[in-house]
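# Commentary on secondary and tertiary structure
Listed below are the residues making up each chain.
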Amino acid sequence: MNEHNKHTYKILCQRHLEECQISLGNFKYAVTLKEREEAVLQLVNQAACLHAAAKQLAKSVFEDDPHYERS
(Lines give C-alpha, C1' and ligand atoms only; values in the text may rest on other atoms or scores of the structure.)
Protein backbone atom coordinates (compact mmCIF):
# COMPACT_ATOMS: atom_id res chain seq x y z
CA MET A 1 0.00 0.00 0.00
CA ASN A 2 1.36 3.40 -0.80
CA GLU A 3 2.29 6.15 1.63
CA HIS A 4 -0.69 8.27 0.61
CA ASN A 5 -3.08 5.56 1.82
CA LYS A 6 -1.19 5.15 5.09
CA HIS A 7 -1.36 8.90 5.64
CA THR A 8 -5.08 8.88 4.87
CA TYR A 9 -5.74 6.11 7.43
CA LYS A 10 -3.68 7.96 10.05
CA ILE A 11 -5.77 11.08 9.51
CA LEU A 12 -8.98 9.06 9.69
CA CYS A 13 -7.86 7.48 12.97
CA GLN A 14 -7.05 10.90 14.42
CA ARG A 15 -10.37 12.33 13.27
CA HIS A 16 -12.43 9.48 14.69
CA LEU A 17 -10.49 9.61 17.96
CA GLU A 18 -11.24 13.32 18.24
CA GLU A 19 -14.92 12.62 17.57
CA CYS A 20 -14.88 9.96 20.31
CA GLN A 21 -13.45 12.52 22.72
CA ILE A 22 -16.14 15.03 21.74
CA SER A 23 -18.83 12.41 22.29
CA LEU A 24 -17.42 11.63 25.73
CA GLY A 25 -17.51 15.33 26.56
CA ASN A 26 -21.08 15.56 25.31
CA PHE A 27 -21.99 12.63 27.55
CA LYS A 28 -20.25 14.17 30.54
CA TYR A 29 -22.10 17.45 30.20
CA ALA A 30 -25.44 16.05 29.05
CA VAL A 31 -28.37 17.20 31.12
CA THR A 32 -31.19 15.05 29.81
CA LEU A 33 -31.42 11.34 29.25
CA LYS A 34 -31.98 11.99 25.53
CA GLU A 35 -28.71 13.97 25.31
CA ARG A 36 -26.88 11.13 27.04
CA GLU A 37 -28.38 8.54 24.71
CA GLU A 38 -27.36 10.59 21.68
CA ALA A 39 -23.83 10.97 23.03
CA VAL A 40 -23.53 7.23 23.63
CA LEU A 41 -24.78 6.44 20.13
CA GLN A 42 -22.30 8.91 18.64
CA LEU A 43 -19.52 7.38 20.70
CA VAL A 44 -20.38 3.83 19.61
CA ASN A 45 -20.52 4.91 15.97
CA GLN A 46 -17.23 6.79 16.11
CA ALA A 47 -15.53 3.95 18.00
CA ALA A 48 -16.59 1.53 15.27
CA CYS A 49 -15.23 3.89 12.61
CA LEU A 50 -11.99 4.28 14.57
CA HIS A 51 -11.66 0.50 14.83
CA ALA A 52 -12.16 0.05 11.08
CA ALA A 53 -9.63 2.77 10.21
CA ALA A 54 -7.10 1.38 12.69
CA LYS A 55 -7.45 -2.10 11.18
CA GLN A 56 -6.80 -0.69 7.70
CA LEU A 57 -3.82 1.29 8.96
CA ALA A 58 -2.35 -1.80 10.64
CA LYS A 59 -2.94 -3.85 7.52
CA SER A 60 -1.20 -1.24 5.36
CA VAL A 61 1.80 -1.17 7.70
CA PHE A 62 2.14 -4.94 7.87
CA GLU A 63 1.68 -5.42 4.13
CA ASP A 64 4.88 -3.46 3.55
CA ASP A 65 6.82 -5.42 6.18
CA PRO A 66 8.89 -8.15 4.49
CA HIS A 67 9.03 -10.12 7.77
CA TYR A 68 5.26 -10.24 8.12
CA GLU A 69 3.90 -13.68 7.29
CA ARG A 70 0.35 -13.94 6.10
CA SER A 71 -1.60 -16.81 7.52
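Report on the accompanying structure. None of these values were measured; they are calculated from a predicted model.

Turning to the overall build of the protein chain, a few remarks are in order. Helix and strand counts for the protein chain stand at 2 helices and 0 strands. Counting over 71 residues, the protein chain shows a buried share of 17%. For the protein chain, restricting intrachain contacts to residue pairs at least 6 apart in sequence, the fraction spanning at least 24 positions comes to 63%. With an accessible surface of roughly 5,700 Å², the protein chain has 57% of that area assigned to carbon and sulfur atoms.

Our focus in this paragraph is the state of the cysteines. For the structure on display, the rule yields 0 disulfides. Here Cys49 stays free of any disulfide, with the sulfur of Cys20 as its closest cysteine sulfur at 8.5 Å. Judged by its relative accessible area of 27%, Cys49 falls in the partly exposed class.

Taken as a whole and judged by the stated rule, the model has 2 salt bridges. A salt bridge links Lys6 to Glu3, with the shortest nitrogen-to-oxygen separation between them at 3.5 Å. One end of the pair, Lys6, and the other, Glu3, are both in helix α1 (residues 3-28), 3 residues apart, so they sit about a helical turn from each other. By relative accessible area, Lys6 is classed as buried at 12%. Glu3 sits in the exposed class, given a relative accessible area of 56%.

Criteria and thresholds
- Residues numbered from 1 in each chain as written.
- Predicted model: local features only at pLDDT ≥ 70, side-chain atom pairs only at ≥ 80, totals over all residues.
- Heavy atoms only, no water.
- Helix = DSSP H or I, 4+ residues; strand = E, 2+ residues; numbered from the N terminus.
- Buried < 20%, exposed > 50% of the residue type's maximum accessible area, 1.4 Å probe, protein only.
- Contact = heavy atoms within 4.5 Å.
- Areas by Shrake-Rupley, 256 points an atom, 1.4 Å probe, with all protein chains shown as cover.
- Disulfide = S-S within 2.5 Å.
- Salt bridge = Lys/Arg side-chain N within 4 Å of Asp/Glu carboxyl O.

Spatial relationships are all this shows, so hold off on functional conclusions.
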